[in-house]
Amino acid sequence: MHEPRTAVVIVAAGSGARLGLGEPKAFVRVAGRTLLGHAVASVLGMTAPAQVVVVAPTDRVEAAESIARELAGPVADLVTAVAGGSTRQESVAAGLAAVRGSVDVVLVHDAARAFTPSSLFDTVADAARATRAGVLPVLPVADTIKQLKRDGSVVGTPDRSELAAAQTPQGFPRAQLVAAYAGATVEHTDDAALFAAAGHAVTTVSGDPLAFKVTTPWDLSRAETLAAGRSSDVPVFRSGIGLDVHAFDPESPLWLGGVYWPDEPGLKGHSDGDAVCHAICDALLSAAGLGDIGGRFGTADDRFAGAHGDVFIRETVRLVAGAGYEVVNVAVQVIANQPKLAGRRVELEQNLSGLVGAPVSVSATTSDGLGFPGRGEGLTALATALIRSVN
Ligand code: CTP
Ligand code: MG
């Protein structure tokens, strides 16, 4: 691989005092991933490979490096972590010291702006390379801003059209940024200010509302909401299990797997005793978190007295769809001495797949003569189901 021309220094060495969780902010999780992980993932989405330098609290350098390296997978060698300092500015300086020789543009980014889209990194890097100036993403300020004295009295109202809110990533030609840091004598609140104080030009590009900084508990809950919305594009898979047992009743006709079996002893039950269909229903309901067949289709409900298995399956699939899922597949196994399923297995699978609207596989076994199935007293069906959320 070519040596990277861009480096992104992700500062993650702060304590997160305003968040108040007692854990460094970058290691707080949103939607199962640390803020640092979200930030690194955004950088890894850039169009061209970039070196990633994570600046972490001294006792978290290894943890930060493994988070970033794991996400980087095959490009893990582009990732390093170093220890930060007691101010953000010191942390950035520590990160800059780890930037590789091949790099001509450096972006500095707050891990706390974890949801910044990858495209903003590309925009800032391209602009810094094209203009050879500092590049700052900004958003217009919505509120009227007041200039105050220390005692809280208002001194003035600056013209809002001349104001903007600064975000990160901020991009710079590497050599000028390193020199500006080396010469800095006061603390600046961002890198663009430090860069400008060194006499360099700073230009702006449009920021992104998603590049907001997670600072307070409210920001964190907002981040959770956003991440949940985003992850709704990715289906959620759930599995379920169902078991049904019925005793044989030689006086009844046998219905099993939704088909009629002439010359076979039937099964007892409020309905037709079709254990295969009932186990499938239970597996589907269990996967969707909808309880079980007894709770859904009670014996008190006349609609289901004597009903065949297809009625239950159709109604179950409707409930599962109503809960926001579609069926991926179902597997069902019959444990019984009889009937012998082998001869009608394909027919059963076709019938059940049609009812469920997804592949259903059917298998059978005996219990080696043991227990009630072995004594021929009854039949067990065991089913599993996999379902997937639909948007
Ligand atoms: N940062 C850093 N080193 C420091 C201070 C801050 O690397 N000594 C980083 C933070 O990890 C964060 C970014 O700078 O990603 C912006 O800082 P801020 O949002 O203020 O984070 P914290 O300092 O962690 O939060 P707080 O001020 O609430 O303690
Ligand atoms: Mg801070």
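The structure under discussion appears in the preceding block.
Residues numbered from 1 in each chain as written. Chains lettered and ligands numbered in written order. Predicted model: local features only at pLDDT ≥ 70, side-chain atom pairs only at ≥ 80, totals over all residues. Heavy atoms only, no water.

## Re the overall build of the protein chain
Step number 1: Within the protein chain, the regular secondary structure consists of 12 helices and 19 strands.
Step number 2: At 32 Å, the protein chain has a C-alpha radius of gyration far larger than the 21 Å of a compact globule built from 391 residues.
Step number 3: With the principal axes as the frame, the protein chain shows a C-alpha extent of 95 × 50 × 35 Å.
Step number 4: The buried share among the 391 residues of the protein chain stands at 45%.
Step number 5: A sequence separation of at least 24 residues applies to 73% of the contacts in the protein chain between residues at least 6 apart.
Step number 6: Carbon and sulfur atoms make up 53% of the accessible area of the protein chain, which totals about 18500 Å².
Step number 7: Put simply, the protein chain has 31 plus and 41 minus side-chain charges, and the middle of one group is 8 Å from the middle of the other. (Helix = DSSP H or I, 4+ residues; strand = E, 2+ residues; numbered from the N terminus. Rg over C-alpha atoms; globule rule 2.2 N^0.38 Å. Buried < 20%, exposed > 50% of the residue type's maximum accessible area, 1.4 Å probe, protein only. Contact = heavy atoms within 4.5 Å. Areas by Shrake-Rupley, 256 points an atom, 1.4 Å probe, with all protein chains shown as cover. Lys, Arg positive; Asp, Glu negative; His and termini not counted. Charge placed at Lys NZ, Arg CZ, Asp CG, Glu CD.)

## As for the pairing of strand β11 (residues 170-173)
Sheet faces and side chains relate simply in a regular strand, where the side chains alternate between the two faces.
Step number 1: Burial along β11 is two-sided: the residues Q170 and F172 and G171 and P173 are all buried.
Step number 2: Looking at chain direction, strand β6 (residues 105-110) and β11 are connected through four bridges and run antiparallel. Looking at β11, one finds that V105 is bridged to P173. (Pairing = 2+ DSSP bridges.)

## What to know about the site of ligand 1
Step number 1: Neighbouring ligand 1 are 18 residues, the closest being V11, A17, R18, S91 and K213.
Step number 2: Take G85: an N or O atom from its main chain is 3.0 Å from a nitrogen atom of ligand 1.
Step number 3: One nitrogen or oxygen atom from the main chain of S86 is found 3.4 Å from a nitrogen atom belonging to ligand 1.
Step number 4: Tallied by class, the residues present in the shell around ligand 1 amount to six nonpolar, seven polar and five charged. (Near = heavy atom within 4 Å. Polar contact = N/O pair within 3.5 Å; in protein donor to acceptor, adjacent residues only side chain to side chain. Nonpolar A, V, L, I, M, F, W, Y, C, P; charged D, E, K, R; others polar.)

## A few points about the nonpolar core
Step number 1: Grouped together as the largest cluster of nonpolar side chains are 44 residues, with contacts concentrated most on I280 and L352.
Step number 2: Only β14 (254-256), β15 (259-261), α8 (275-288), α10 (309-322), β17 (325-335), α11 (345-356), β18 (360-365) and β19 (378-389) provide two or more residues apiece to this core.
Step number 3: With 11 residues, α8 is the single largest residue contributor to this core.
Step number 4: Counting residues in each nonpolar core, the second largest holds 33 residues, with I10, A50, A111 and L120 among its members. (Core = buried A, V, L, I, M, F, W, Y, C linked by side-chain atoms within 4.5 Å.)

## Here's the deal with the sheet that holds β18
Step number 1: Sheet architecture is open: five strands sit in the order β16-β13-β19-β17-β18, paired in mixed fashion. Edge positions in the sheet fall to β16 (266-267) and β18, since each of these pairs with one other strand and no more.
Step number 2: Relative to β18, β17 is paired through six bridges, and the arrangement is parallel. Within β18, the residue paired with V330 across the bridge is V360.
Step number 3: Relative to β18, α11 is tilted by about 140°, and along the sheet it contacts β17 and β18. (Axes fitted to C-alpha atoms, helices over the stretch in contact; angles between N-to-C directions.)

## Considering the environment of A111
Step number 1: Among the structural elements, A111 can be located in the loop between β6 and α4 (118-131).
Step number 2: Between the alpha carbons of A111 and K25 there is a distance of 8.5 Å; along the sequence they are 86 residues apart.
Step number 3: Once residues lying within four places of it in the same chain are set aside, the contact partners of A111 are I10, V11, A12, A26, L35, L36 and A39.

## Looking at the packing of helix α1 (residues 35-44) against helix α2 (residues 61-72)
Step number 1: Relative orientation of the contacting elements α1 and α2 amounts to 40°, with a least axis distance of 9 Å. Judged on the interaxial angle alone, α2 and α1 are oblique. Between α1 and α2 the crossing geometry is right-handed. The residues of α2 that touch α1, namely those facing L36, G37, V40, A41 and L44, are A64, I67, A68, L71 and A72.
Step number 2: Partitioned by chemical class, the residues of the contact of α1 with α2 number nine nonpolar, one polar and no charged. (Parallel < 35°, antiparallel > 145°, perpendicular 65-115°, else oblique. Left-handed = near helix turned anticlockwise from the far one by under 90°.)

## Quick look at the packing of aromatic side chains
Step number 1: As enumerated under the stated definition, the model contains four aromatic pairs in all.
Step number 2: Arranged with centres 4.8 Å apart and planes meeting at 50°, the rings of F172 and F195 form a pair that is tilted. On the criterion of sequence distance, the pair formed by F172 in strand β11 and F195 in helix α6 (residues 191-197) is long-range, its members being 23 residues apart. Per residue, the accessibility class of F172 equals that of F195, and both read buried.
Step number 3: Arranged with centres 5.6 Å apart and planes meeting at 45°, the rings of W255 and Y260 form a pair that is tilted.
Step number 4: Judged by its relative accessible area of 22%, W255 is partly exposed.
Step number 5: With relative accessibility at 39%, the residue Y260 sits in the partly exposed group. (Phe/Tyr/Trp six-rings, centres within 6.5 Å; stacked < 30°, edge-to-face > 60°.)

## Quick notes on the state of the cysteines
Step number 1: Applying the stated rule across the entire model yields zero disulfides.
Step number 2: Left unpaired, C277 is separated from the closest cysteine sulfur, that of C281, by 6.7 Å.
Step number 3: Residue classification places C277 among the buried residues on the basis of a relative accessible area of 0%.
Step number 4: Judged by its relative accessible area of 0%, C281 is buried. (Disulfide = S-S within 2.5 Å.)

## Looking at the side chain of D244
Step number 1: Tracing the backbone shows D244 in strand β13 (residues 237-249).
Step number 2: One buried charged side chain, D244, makes no salt bridge at all; its nearest oppositely charged neighbour is K268, positioned 14 Å away.
Step number 3: Looking at D244, its side chain comes within polar contact range of the side chain of H246, at 2.9 Å.
Step number 4: Looking at D244, its side chain comes within polar contact range of the side chain of H278, at 3.1 Å.
Step number 5: Sequence-distant contacts of D244, defined by excluding residues within four places in its chain, comprise D274, A275, H278, A279, L379, T380 and A381. (Salt bridge = Lys/Arg side-chain N within 4 Å of Asp/Glu carboxyl O.)

None of this, on its own, says anything about what the molecule does.
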